[in-house]
Amino acid sequence: MKLNADLAQRITAAVDAQFDAQIEFTKALVRLPSLREREASAQDFMAEAFRERSLEIDRWKIDVEELKRHPGASPVASPYAEAFNVVGTYRADSNEGRSLILNGHIDVVPTGPEERWRTPPFQPSVREGRLYGRGAGDMKAGLAANLFAYDAVRAAGVRPKGRIHFQSVVEEECTGNGALACLLRGYTADAAIIPEPVDEHLLRANMGLLWFKASVAGDPAHASGAYSAGLNAIKRAWKIWQRLEALEAQWNADRGAHPHYADHPHPIRFNLGKIKGGEWVSSVPAECTIEVRAGLYPEWTIERGKAEIEAAIAEVAAEDAHLPAPAICYHGFHNGGYVLEPGSPAELALQAAHEAACGETLQALASTASTDARILGVFGKIPSLVYGPTCVGAHGIDEYVELESVRRITKTIALFIADWCGGDSSGAS
Ligand code: ZN
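Residues numbered from 1 in each chain as written. Predicted model: local features only at pLDDT ≥ 70, side-chain atom pairs only at ≥ 80, totals over all residues. Heavy atoms only, no water.

### A closer look at the sheet that holds strand 11 (residues 270-277)
Spatial strand order, 11-12-10-13: 4 strands in an open sheet with antiparallel pairing. Whereas interior strands pair on both sides, the edge strands pair on one side only; in this sheet they are strand 11 and strand 13 (327-335). Ignoring which end each strand starts from, the neighbouring axes of this sheet average 15° apart. With 7 bridges connecting them, strand 11 and strand 12 (residues 287-296) associate as antiparallel partners. Bridging from a neighbouring strand, Gly277 pairs with Cys288 of strand 12. Seen against the sheet, helix 7 (residues 233-253) touches strand 10 (208-217), strand 11 and strand 12 and runs at an angle of roughly 10° to strand 12. Across the sheet, helix 8 (residues 302-317) touches strand 10, strand 12 and strand 13, and the angle it forms with strand 13 is around 150°. (Pairing = 2+ DSSP bridges. Helix = DSSP H or I, 4+ residues; strand = E, 2+ residues; numbered from the N terminus. Axes fitted to C-alpha atoms, helices over the stretch in contact; angles between N-to-C directions. Contact = heavy atoms within 4.5 Å.)

Here it is in structure tokens:
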């Protein structure tokens, strides 16, 4: 890191000085339930925050037709009426510095049974140094950290010399189409940071991901004849799920061939996320639909994963060949994985900033989840650094983010901005 110690100290002190305001901002963001198809009010909030900082604002609705033509697009299975992206741009006086994208996703996943939360999911609550709420860690704390890191840099008297785009995107939790829409709109930079909650690590690799739906037919009959007539679609679907679990085990057994996951106990995760079947308690079910999320090794093509999944389903279906074959539909994530090749200038700069802010060496991890780094990294060719705070209970009950962790990663990002973009601190106070 080329920053002198005095400037680095001023920047981290500025993070401390505004940290209460950063927590309040994050809480305000958690209060806006930006579930799918309800993202717009939270995006307006972000746009307002950009406006207050005199950033250039670009707010647009994702163009589904344009998106569909891109090889990185995932199928769009629900309305995009509220699917707005917002980008705030800082333009440097000169373009002597390197440019940067600070990205985060505004969308959050459903809460589960609210009565099982200690405090309601969209009423943020701070207890014992933790901020609780749906999206607190995944990843509204990260969206806030991007902005407050920039504020700290400015408060320390630095005017970055490179362009910075603050991206608040939709659709990270189901497709990646929000980040892709930013690329299609022309946004690029010399590096990107995505403060997903990765426990103050650097993400070295993430999995590819598929969502699919298999609609399984049964042979309906009067329940009184169920042992001599009819075939239960729910039972058939369950058998297919069991076959898919066997496939998951087989893929996991292959992990030795995948360098980033060779030591991982269970890198491939299949999740039976939804099931719907039957229409009358006294009728043998005619239909059952299962919806599954499946991870793929980053070295694999999506086609390879799909072929093995479809073959496994077909194998079970063949036992009842007189019934219609299960219809398989891909209705969300349709993404390959991502690997951050070690040693890029951006990674070295993040390591140095992390060390200066946290006093520790930055460790890398391979994630079993997917991130938008793939979109920016693979299709945008932007070195994309996923680095963010410690969060517990993401997608579960009582999600929280550790506030001291948020403080540390904000300091790292602030130091990174000043170092990466370069800065004129002549106006320093
Ligand atoms: Zn996330």
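### Brief notes about the packing of helix 1 (residues 5-17) against helix 11 (residues 403-421)
At a closest axis distance of 9 Å, the pairing of helix 1 and helix 11 adopts a crossing angle of 140°. Taken together, helix 1 and helix 11 sit at an angle that is classed as oblique. Remark: the crossing between helix 1 and helix 11 carries right-handed chirality. Packed against helix 1, whose contacting residues are Ala8, Ile11, Thr12, Val15 and Asp16, the element helix 11 presents Arg407, Thr410, Lys411, Ala414, Leu415 and Ala418 at the interface. (Parallel < 35°, antiparallel > 145°, perpendicular 65-115°, else oblique. Left-handed = near helix turned anticlockwise from the far one by under 90°.)

### Considerations on the coordination of the zinc ion
Distances from the zinc ion to its protein donors, namely His105 (NE2), Asp138 (OD), Glu196 (OE) and Glu196 (OE), fall within the range 1.9 to 2.8 Å. Classification of the site at the zinc ion rests on its 4 donor atoms, whose angles at the metal span 51 to 151°, yielding the label irregular. Sequence positions of the residues that donate to the zinc ion give the spacing H-x32-D-x57-E. Of the two residues, His105 is situated in strand 3 (residues 100-105) and Glu196 in the loop between strand 8 (192-194) and strand 9 (202-206); the sequence distance between them amounts to 91 residues. Side by side, His105 and Glu196 carry an identical accessibility label, which is buried. (Donors = N, O, S within 2.8 Å, 3.2 Å for Na, K, Ca; no water. Tetrahedral: all angles 85-135°; square planar, octahedral: opposite > 155°, others 65-115°. Buried < 20%, exposed > 50% of the residue type's maximum accessible area, 1.4 Å probe, protein only.)

### Some remarks on the domain arrangement of the protein
What the domain assignment reports for the protein is domain 1 (5-206 + 337-424) and domain 2 (208-335). Each of domain 1 and domain 2 has a C-alpha centre, and these two points are 34 Å apart. Per-residue buried area on domain 1 facing domain 2 is highest for Pro75, Thr368 and Ser370; these three make up 32% of the total on that side. The interface formed by domain 1 and domain 2 holds 0 salt bridges in total. Viewed at the interface, domain 2 and domain 1 are joined by 7 residue pairs in polar contact (both at pLDDT 80 or more). Element by element, the count of residues in the side of domain 1 that touches domain 2 is highest for strand 9, at 3 residues. Among the residues forming the side of domain 1 that touches domain 2, the class breakdown is 8 nonpolar, 9 polar and 4 charged. (Domains from an automatic or database assignment. Buried area = accessible area lost by both parts, 1.4 Å probe. Salt bridge = Lys/Arg side-chain N within 4 Å of Asp/Glu carboxyl O. Polar contact = N/O pair within 3.5 Å; in protein donor to acceptor, adjacent residues only side chain to side chain. Nonpolar A, V, L, I, M, F, W, Y, C, P; charged D, E, K, R; others polar.)

### Some points on the packing of helix 5 (residues 136-155) against helix 11
Contact geometry for helix 5 and helix 11: axes closest at 8 Å, N-to-C directions at 50°. Classified by the angle their axes make, helix 5 and helix 11 are oblique. Helix 11 is crossed by helix 5, and the crossing has right-handed handedness. Contacts between helix 5 and helix 11 involve Ala141, Ala145, Asn146, Phe148, Ala149, Tyr150, Ala152 and Val153 from the first element and Val406, Ile409, Thr410, Ile413, Ala414, Ile417 and Ala418 from the second. Looking at the contact of helix 5 with helix 11 residue by residue, the classes come out as 13 nonpolar, 2 polar and no charged.

### Considerations on the state of the cysteines
By the definition in use, this model includes 0 disulfides. Cys358 provides the cysteine sulfur closest to Cys391, a residue in no disulfide bond, and the two sulfurs are 17 Å apart. (Disulfide = S-S within 2.5 Å.)

### A few points about the pattern of salt bridges
All chains considered together, the criterion is met by 22 salt bridges. Across the pair Lys68 and Glu65 runs a salt bridge, and its minimum N-O distance is 3.4 Å. Of this pair, Lys68 and Glu65 both sit in helix 4 (residues 64-68), 3 residues apart, roughly one helical turn. With a relative accessible area of 54%, Lys68 lands in the exposed category. The network of salt bridges with shared partners includes Asp16, Glu404, Arg407 and Lys411.

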